[in-house]
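# Coordinates in review
In case you want the letters, here they are:
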Amino acid sequence: MSHRSIRAKLSKTAVAVTALFVIAIGLFWTGYNSLDDRIITLRYFLIALTGLAAFSTPYLLFPDKNGAIIQLGNLSSSDLNRYLSGKIASYTWPVFLLFGVIFFGDLNNPAENLFLKLLYTSGASLLFAGLMMISVARYVKSGPDSQFWKESEKGRKLRKNMADFFKYPIDPGSVPSLINTILIVLAGFLAIVAGALMEQFVSVYAEFLCMAAVFLGGVFTLRKYNPTIVRNFYSSNAFFREFFGESLKGEELAARREVGQLWWVPAPIKMHVWQFLVQLDRKIPSGRVVAAGHVLVWFIAYQRPEPEFLTVIWLLFALVHHLFILLTIQPEMAPGWLLRWAGSTFIWLTTRFWMQLRWIVPLLLSMNAQLFIFGTPDFQSQSIVISVYIAAALIVSAAGVSVLKKEIKT
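Notes on the structure follow.

Reading the values: rules and limits
- Residues numbered from 1 in each chain as written.
- Predicted model: local features only at pLDDT ≥ 70, side-chain atom pairs only at ≥ 80, totals over all residues.
- Heavy atoms only, no water.
- Helix = DSSP H or I, 4+ residues; strand = E, 2+ residues; numbered from the N terminus.
- Expected span 1.5 Å × (residues − 1).
- Buried < 20%, exposed > 50% of the residue type's maximum accessible area, 1.4 Å probe, protein only.
- Phe/Tyr/Trp six-rings, centres within 6.5 Å; stacked < 30°, edge-to-face > 60°.
- Salt bridge = Lys/Arg side-chain N within 4 Å of Asp/Glu carboxyl O.
- Contact = heavy atoms within 4.5 Å.
- Polar contact = N/O pair within 3.5 Å; in protein donor to acceptor, adjacent residues only side chain to side chain.
- Axes fitted to C-alpha atoms, helices over the stretch in contact; angles between N-to-C directions.
- Parallel < 35°, antiparallel > 145°, perpendicular 65-115°, else oblique.
- Left-handed = near helix turned anticlockwise from the far one by under 90°.
- Nonpolar A, V, L, I, M, F, W, Y, C, P; charged D, E, K, R; others polar.

## Topic: helix α9 (residues 204–225)
- Along its 22 residues, α9 runs 33 Å from first to last C-alpha, staying within 8% of the 32 Å computed at 1.5 Å per residue.
- The complete set of buried residues in α9 reads V204, A206, E207, C210, M211, A212, V214, G218, T221 and Y225.

## Focus on the packing of aromatic side chains
- Taken as a whole, this structure holds eleven aromatic pairs when the rule is applied.
- Aromatic side chains F103 and Y120 sit 5.7 Å apart centroid to centroid with 10° between the ring planes, which places their arrangement in the stacked category. Here F103, found in helix α4 (residues 77–104), pairs with Y120, found in helix α5 (residues 114–140); they are 17 residues apart in sequence, far enough to count as distant.

## With respect to unusual backbone geometry
- Cis rather than trans, the peptide bond between T376 and P377 has omega equal to 5°.
- Inspection of the secondary structure assignment puts P377 in the loop between α18 (360–374) and α19 (379–409).
- Positive phi values are uncommon outside glycine, yet N113 reaches one of about 55°.
- In this structure N113 comes out as partly exposed when scored by relative accessible area, which is 42%.

## Considering the pattern of salt bridges
- For the coordinates displayed, the defined rule picks out six salt bridges.
- Ionic pairing is found between D106 and R38, a salt bridge with its closest N-O pair at 3.3 Å. One end of the pair, D106, is in the loop between α4 and α5; the other, R38, is in helix α2 (residues 35–61), with 68 residues separating them in the sequence.
- Assessed through its relative accessible area of 0%, R38 is described here as buried.
- In this structure, the salt-bridge partner of R43 is E207, at a minimum N-O distance of 3.0 Å. Residue R43 is located in helix α2, and its partner E207 is located in helix α9; the two are separated by 164 residues in the primary sequence. Comparing R43 with E207 shows no difference in burial state: the two are buried.
- Beyond isolated ion pairs, a larger network of salt bridges with shared partners links R38, D106 and K117.

## Things to note about the side chain of T30
- Tracing the backbone through its elements, the reader meets T30 in helix α1 (residues 12–30).
- Using a relative accessible area of 0% as the deciding quantity, one classes T30 as buried.
- Excluding its chain neighbours within four sequence positions, the residues that come into contact with T30 are R38, T41, V101, I102 and G105.

## Structural notes on the side chain of N66
- Structurally, the position occupied by N66 is in the loop between α2 and α3 (67–73).
- Within the structure, N66 has its side chain in polar contact with the side chain of Y83 (distance 3.1 Å).

## So, the environment of P377
- A relative accessible area of 1% places P377 in the buried class.
- It is 8.4 Å that separates the C-alpha atoms of P377 and E308, two residues lying 69 residues apart in sequence.
- Residue contacts for P377: discarding those within four places in its chain leaves L310, T311, W314, M367, Q370, L371 and Q382.

## Re the packing of α4 against α5
- For the pair α4 and α5, the least separation of the axes is 10 Å and the interaxial angle reads 155°. Classified by the interaxial angle, the pair formed by α4 and α5 is roughly antiparallel. In the packing of α4 onto α5, the handedness of the crossing is right-handed. Of the residues in α5, those touching α4 at L84, I88, T92, V95, F96, F99, G100, F103 and F104 are L114, K117, L118, Y120, T121, A124, S125, F128, A129, M132, V136 and V140.
- Across the contact of α4 with α5, the residue classes break down as 16 nonpolar, four polar and one charged.

## What to know about the environment of S381
- Note that S381 resides in helix α19.
- S381 gets classed as buried once you look at its relative accessible area, which sits at 13%.
- Within the structure, S381 has its side chain in polar contact with the side chain of T311 (distance 3.4 Å).

Shown next as structure tokens:
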């Protein structure tokens, strides 16, 4: 059985529409920028992509709907490698196209600095491809380790300690994924920062070498884990199918997060907040998404922008948190029967509002750490960010409730 015979083919129409959309976005974003601005934009974009590669890979790979067919077909390690590479490429090819548009979509000076544009496009492509290779290799091998943490006494002790001392629910099976996330973020972040410094003090070729080093690291990582990739894939596919909730029911799912651990929520709505958080845990790794956002904001702060600009960045980041509220108004998370059981529209609103208050402490800690290191944002700016965050949580929650009311009536 060939790996090509089981991988879904991309629709030509979908590819064409996606490509046109990416080109339009790239031209709108950087079409009239100078080359220096394009390089800075690329570095910021790569930081964001580092976070994306760190937390999204297991969601792109697992659970694989072709897992049973792959096992029955007994794919070799090389065929499985090509299958996984093709699967990741089907999701990430627009990113590589966007790299090209950022540099070659120069509407002011299209024929100038062509070699430098090619160098940065190639370097960014190598860095992102290397990060994805590292991410795929490490997540494919994480299944057996995750199963150990989930079922062992060591994992149960970790769960108990986190709940007792930090009042934070954690699934021990997520420990290897957390380690992978940290390693991938560090690899990308350090390569980008080191490359920027090398370009400033040595040459642009030194920055290219820093990017290419990540690609070589990805090739080495894939080769290192290739002998056991088939066995690890089967184990990881089974683990993530359970971890993402496809085979969890009843008490198994509820055990991930206990109502009593939601210490910041008023008792009357605690159980409602709990059920939304459990549903979000199944849908998206919100903690890792937010952590990646903090990494991006810290990278921007490292560039020492104007204090007003950094405050705007914090405001935007704070507002992005409330996308989680929008997820909770989807019918699969908030069906009509559940809303009627929960009670009044006031309960619907306060449930979503209090759910969002869990991110205030990380915001304050991160902003104050930046104040200590970089001298910004000051306390006045922090108060503005938190005030806007709380107000936006109320507004978005109220908007979500109005949408839910209309859906129930229809």
